Amino acid sequence: MAQELRSINLVAPAFKGVNTEDSPLAQDPSFAEIADNAVIDKRGRIAARKGHTVVTTTKTVLGTDSLRAIKEFKDNAGNTKIFSVGNNKIISGTTTLVDETPGSYTITADNWKLVDFNDKIYFFQRGYQPLVYDNAGGSVITLSSVSGAAGVTSAMYGNEVLAAYGRLWTADVTGDKSTVYWSDLLIGHDWSGGTSGSIDISKVWPDGYDEIVALAAHNGLLIIFGKHSIVAYQGAEAPATMSLADTVAGVGCVDRDTVQYTGTDVLFLSHTGLKSFGRTIQEKSLPISSLSGNITKDIIAALQNETEFFRSVYSPEEGFYLLTFTGQDVTYCFDVRGTLENGSYRVTRWPSTKFTAYTRLDDGTLYVGTVNGISTYTGYSDNGSGYRFKYYSPSLTFGDSARIKILKKLKPTLVGANNSVVFMKWAYDFDTTYATTEFTVGTQITGYYGESEYTTVEFTGGQLTNQRSLNTTGYGTSVQVGLESEIDGSPLSLQEINVMALIGKLL
Amino acid sequence: MSNGVSDFFQDIYGGLKQVGSALSPAIPAVVGGLLTNEAYDRLSKIGEQSILGTTVDGVRVPGAMEIAERGQAESQFKPFTVTTPTGAMFTARMGGQPMVSPMPVTSPGGFSPAAPPSMVLPPIEGGVSPLISSGLRQLKSRGDQLLEDLPQMMQTDPALKARYDSLLQDAIRSYDASPIIPEGGARFAAEQDAMQQLKRSIMDQERLGIAPGEALPTGPFVHTSYMPKPTLMEPQPTTGGLEVGMTLSPQEQAMQQQLFGGAGDFFGQAQMPTTAREQAIFERMRAAQRPEEERQRLALEERLAAQGRLGTRSAAYGGATPEQLAMATAQEEARTRSMLGAMQQAQAEQMQQAGLGQQFLGASYLPQAQLLAAAQPAQRMAELQQQAQLYGTGLFGETAMSGLESRLLAEQARANLLGGIGSNILAGMFTPALAKDGTVINAGGFDLGGLFGGVTEGLGDIIRILNPFDD
């Protein structure tokens, strides 16, 4: 007697993102084993990320190098200017990159950090005299060249700089990894007069020794990130009297460029993954969360393998926090709109993007730095080239891992994917050799009401949905299904996958 | 032969008679002159005897000098000693006077003062100023020296010897003419007088800068200088001034020395620069402050460490935290206060040392002051004794001098009598003799031509008689 097909509906598959930490058999089908070049879209579906569109047309000064940092300078008068660094130069502009490096100022590294402070933009890098630009001067100059500059010595040539509480703060100086220096109030070029000062926290580290990596201002606190510990000072508005508020041992920050503010949290990458300091206004405490609990091992592996540097960006418009390991050309996209039950963000992975710098403009535009210069995060192609969207489910047992499952049909429901070729894949019993079937999504041109091509009686909605039924073969106790598609101009969202299987005998 | 002899003798007699006739009118004149001279000599002798004294009927009558010397000797200061119950002793005597043995006093501690006078005042010579006294001493010394040297000097200086001989002859004549025989004989007294006069003459020459061979000047202004200086002007026989000795008992001396030493120590400390003391006081104050400062520093360090602010350096607070700056300021203020306090304390101690020194010094003189206080009643007793002594001396002197004056008056009367007789004789000789009828029997006067002619003629007759062959 023929058995009834068992339907397993994977509704909004992978909307919890990738989970490589839990056992595949025990996983919620809402996780994904692989979610490459994907994001969680506004409806909670896994979808293809956006691509980038190169803005730069003339990038002579950049040569073959990539942009390593981008920063938008804005002053109170409304003047704006985009600065970037790369090819050992200070660069300005978006379409045409202009070398702004001061004369007789030699740069051999591009690990600059740019901060906007009091109508000026400052450039800090370890071992280099800080640079400064303001609209009145119109050029990037060394900090000591500023009229009234004081105390600009190699003792404060820090690698980290923070503009907060009315001052510039710097740390991570060559030969001095435990001292934080602050400038005079509202005067970023005075480091020895007024209320400028410093604090040596070598005796404060909770576990005896550490090195300052990054600084952050959060929740009324000055947070000093060490490599494996964190100290937070309260009352940083008056640095001379600020006092220790909290210390965290065992958690530090890997790189200053992983620190991002999300409004409610400060995100940073530690050696054990992405962490955040929460914001509790009343308690003034610093609840710390682990936000990459589902990919901890992957993050740690990436950290260990990283040979270049880290870049990150927070985009409230996109609702994600991007963390790029430039040496490995991999980016993790953390959806910051909510956390899962275990407190982790939903995370997807963007491999081979070649993104090397980010910045978010005030208007929400996300600038991406690549070898081509400055791009905007927009569209669904990487500067005209496609990229592969991948989704693989965890191994599914349909609630009974002891019985054989015989896949009969796969019914994916896709949103968008105009004219895209979609590959449906499945495999049994953790096999990495997938059976594949493909189909091409038809033209998914949207017909808008009142436009010339369509009449008032012939129009479509905003996004077209495509649902297919694909026959499958084989059997096994656990089943893994996947979907891949080349994204090249059109978005793609995976609404659901309905898996039709026949439950067999006990093994 | 007999006629011849008789004639011879008659001739001689006739010659003698002629001489006698020539001399007879001059005898009253000679007698009158001798009497007048005797009166003069007696008056001179009386003057000398009133000064030097004489012997009357085997009784030595002292002269004014002897009376003065005796009065001086008897009016000399009588030494006395005051001994206090605590054993201190006050002794007053003139230099050269023997020490007066104190009355045996047994002090409470069983000690007897035996120390010599501890204080001697400069000599004061009976109302004579020290300058005059010094000059007199020099004159006396020179005079004594001359008296010693004159015999030798006369051997080498004939002129001096001649002056001495002249003075001696004058003195001999004076004594020979005097009815008063000086003690030791007229010759001895004449020699002493001649030596004294020669000495005075030489000293006057020396004083006036006149060479020994030259004559002394004469005149009313210098005449007195040649007057024999009364021996009253000679220095008193004492060899030194008034010696006032104050001796403390051994306990008092020990206490006095202890107090003196303490005063010296205190004054010495008061004179020391205060810098070192200021530093020492400052160090002591800082030593007292340091523990608390260290506790506060440690407490602040702990607070800062707890607040994670040990390494804070703020330009606005001198490169430190406000608390560190406040503490440093407070400590610096404390240091400043300590420094000022140390200075004040050192100065106060300096004042204290000076005050203690004064107290000790004053206290060290307390035994002496008490001794002087104790000596005051005794000094009053000594003054009373001295007054009685002076009164007796004055009474003796006045009595003796009244005898002398009586004798002087008597001698003056006798001299006047002799002088009057001589004068009358001389006056009679030169007064014309009148008869009752007023006829001049004798014109008076003294015919020297007749005298010498008669004498010469008589003597010529005698010589011719005795030398008949001369013709």
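Scroll up to find the structure this text is about.
The model shown is predicted, which means the values in this text are computed figures rather than measured ones.

(A) Summary view of the interface of chain B and chain A. Contact residues are listed per partner, giving 14 residues for chain B and 21 residues for chain A. Here the side of chain B that touches chain A gets four residues from one element, more than from any other, and that element is strand 6 (residues 311–314) of chain B. Of the residues contributing to the side of chain B that touches chain A, the split by class is six nonpolar, six polar and two charged. Note: strand 17 (residues 197–200) of chain A against strand 6 of chain B, four bridges, orientation antiparallel.

(B) The sheet that holds strand 25 (residues 288–290) of chain A, seen in detail. All names here are of chain A. With respect to topology, four strands assemble into an open sheet ordered 22-23-24-25, the strand pairing being antiparallel. Two strands in the sheet have a free side with no partner beyond their single neighbour: strand 22 (260–261) and strand 25. Alignment of strand 24 (residues 273–277) against strand 25, held across three bridges, turns out to be antiparallel. Among the inter-strand pairings, K275 is bridged to a residue of strand 25, identified as S290.

(C) Highlighting the packing of helix 8 (residues 274–306) of chain B against helix 9 (residues 322–364) of chain B. Residue and element names in this part refer to chain B. In the contact formed by helix 8 and helix 9, the axes pass within 8 Å of each other and the chain directions differ by 160°. Relative to helix 9, the element helix 8 is oriented roughly antiparallel. Every pair of crossing elements has a handedness; the one defined by helix 8 and helix 9 is right-handed. In the contact of helix 8 with helix 9, the residues fall into eleven nonpolar, ten polar and seven charged.

(D) Looking closely at the packing of helix 7 (residues 250–271) of chain B against helix 9 of chain B. Residues and elements named next belong to chain B. Relative orientation of the contacting elements helix 7 and helix 9 amounts to 160°, with a least axis distance of 8 Å. In this view, helix 7 runs roughly antiparallel relative to helix 9, as classed from their interaxial angle. Relative to helix 9, the crossing made by helix 7 is left-handed. Listed contacts from helix 9 to Q256, L259, F260, G262, A263, F266, F267, Q269 and A270 of helix 7 are Q350, Q353, A354, L356, G357, F360, L361, A363 and S364. Of the residues in the contact of helix 7 with helix 9, the class split is eleven nonpolar, seven polar and no charged.

Definitions and limits used
Residues numbered from 1 in each chain as written. Chains lettered and ligands numbered in written order. Predicted model: local features only at pLDDT ≥ 70, side-chain atom pairs only at ≥ 80, totals over all residues. Contact = placed C-beta atoms within 7 Å. Helix = DSSP H or I, 4+ residues; strand = E, 2+ residues; numbered from the N terminus. Nonpolar A, V, L, I, M, F, W, Y, C, P; charged D, E, K, R; others polar. Pairing = 2+ DSSP bridges. Axes fitted to C-alpha atoms, helices over the stretch in contact; angles between N-to-C directions. Parallel < 35°, antiparallel > 145°, perpendicular 65-115°, else oblique. Left-handed = near helix turned anticlockwise from the far one by under 90°.

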